[in-house]
Amino acid sequence: MCCGTVYRLSPGNNGNWKYRVIYRFRGPVSDGEAPYGGVIADSAGNLFGTALQRGTGLECGIVYELSPDGKGNWKEAVLHEFDHSSKGSHRDGCTPSSYLVFDASGNLFGTTSAGGGVDKNGACENDYYCGTVFELSRKDGKWTEAIIHRFPETAEDGTEPMSGLVFDHAGNLWGTTFGGGQAGGGTVFELKPTANGKWKESSLFSFSDSETGTQPYGGLVVDASGNFYGTTFAGGLGAGTVFELTSGRGGRLTESLVHQFASCNQAECPDGLDPFGGLTIDSAGNLYGTATQGGEAGTFCNGGGNIKVGCGVMFELSPAGIN
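Asks: Any chance you could break down the overall build of the protein for me, citing the residues and the numbers?
Replies: Helix and strand counts for the protein stand at zero helices and 25 strands. Taken over 323 residues, the protein has a buried fraction of 48%. The contacts of the protein with a sequence gap of at least 6 include a subset with a gap of at least 24, amounting to 42%.

Here it is in structure tokens:
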């Protein structure tokens, strides 16, 4: 199955939307494959994203830019290729499955779910599975990568950051890891810039069990008060959660579950199941997201069994209706 697309949806007449593919990836050797993360746009309308694989050797993925040519077509440029050497160290990072984020100066930040180098603490199986946070800065038209954090560097550090990052109101970066932490169920981490140009990472919350939710695939969003929201793929009532994190004493975070996705009953799955992605938030504080299964719209996603599972839902959570 090859190789992925970037597409555009434009509002048309009578409330309909027009779909158009603006770029087709041709494969890992030529220009990349499997763009898991979404795209972001700069002020000039150029698009930036990541692809999970590329290269003739390690195929560790790319960061790419798509630029409109003024004639309705788009041209791709590979800004960075991860660890395309054959030395096997993976210190550059590998398999970026996330979206990117800009800072105020136009630098790009993202994560790789693997790579980063040899683990000092034995929390990863080998040098491949830890993950990184990276920065791409542009000078004279060229982009240079710097690894600003390698997982794990402490015993409480997370592993495998699957999603992208968000800046808080003070300019610090926040994200989640799918695994690691005190109980192995993933973490929420913060990266603060320091005076010497480096970044200091702190693991501020560990997901542990059904009461906290576990395995956050998606990233975080932040509201006007500085509270963070995200999803876990598992935990809660059995099929994942939506959570809120507020600042506590000593910089630690306090979690509350905004919503717990319920497992199926004997006949149907009315709620969503297993939220894989993150959330978006509007100016009123409403949260929007998706779940990979559920919704009781047919038995197809259960292999044709008797329970009406459904193939996923889009949901909204409003502050007045939190449960």
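Asks: Break down the sheet that holds strand E7 (residues 101–102) for me, citing the residues and quoting the values.
Replies: Across the sheet, which stays open at both edges, the four strands sit in the order E7-E8-E9-E10 with antiparallel pairing between neighbours. Of all the strands in the sheet, just E7 and strand E10 (142–150) have a single pairing partner and so form its edges. Note: strand E8 (residues 108–112) against strand E9 (residues 132–139), five bridges, orientation antiparallel. What sits directly across from Leu-108, in E9, is Leu-136.

Asks: I'd like a description of the state of the cysteines, backed by residues and values.
Replies: For the structure on display, the rule yields two disulfides. Covalently, Cys-60 is tied to Cys-94 through a disulfide, its sulfur atoms 2.0 Å apart. Here Cys-60 and Cys-94 share a disulfide; its torsion about the S-S bond, -85°, makes the bridge left-handed. In this pair, Cys-60 is assigned in the loop between strand E4 (47–51) and strand E5 (62–68) and Cys-94 in the loop between strand E6 (74–81) and E7, connecting sequence segments 34 residues apart. Each sulfur in the disulfide pair Cys-264 and Cys-269 lies 1.8 Å from the other. The disulfide joining Cys-264 to Cys-269 has a torsion of about 100° about its S-S bond and is therefore right-handed.

Rules used throughout
- Residues numbered from 1 in each chain as written.
- Predicted model: local features only at pLDDT ≥ 70, side-chain atom pairs only at ≥ 80, totals over all residues.
- Heavy atoms only, no water.
- Helix = DSSP H or I, 4+ residues; strand = E, 2+ residues; numbered from the N terminus.
- Buried < 20%, exposed > 50% of the residue type's maximum accessible area, 1.4 Å probe, protein only.
- Contact = heavy atoms within 4.5 Å.
- Pairing = 2+ DSSP bridges.
- Disulfide = S-S within 2.5 Å.

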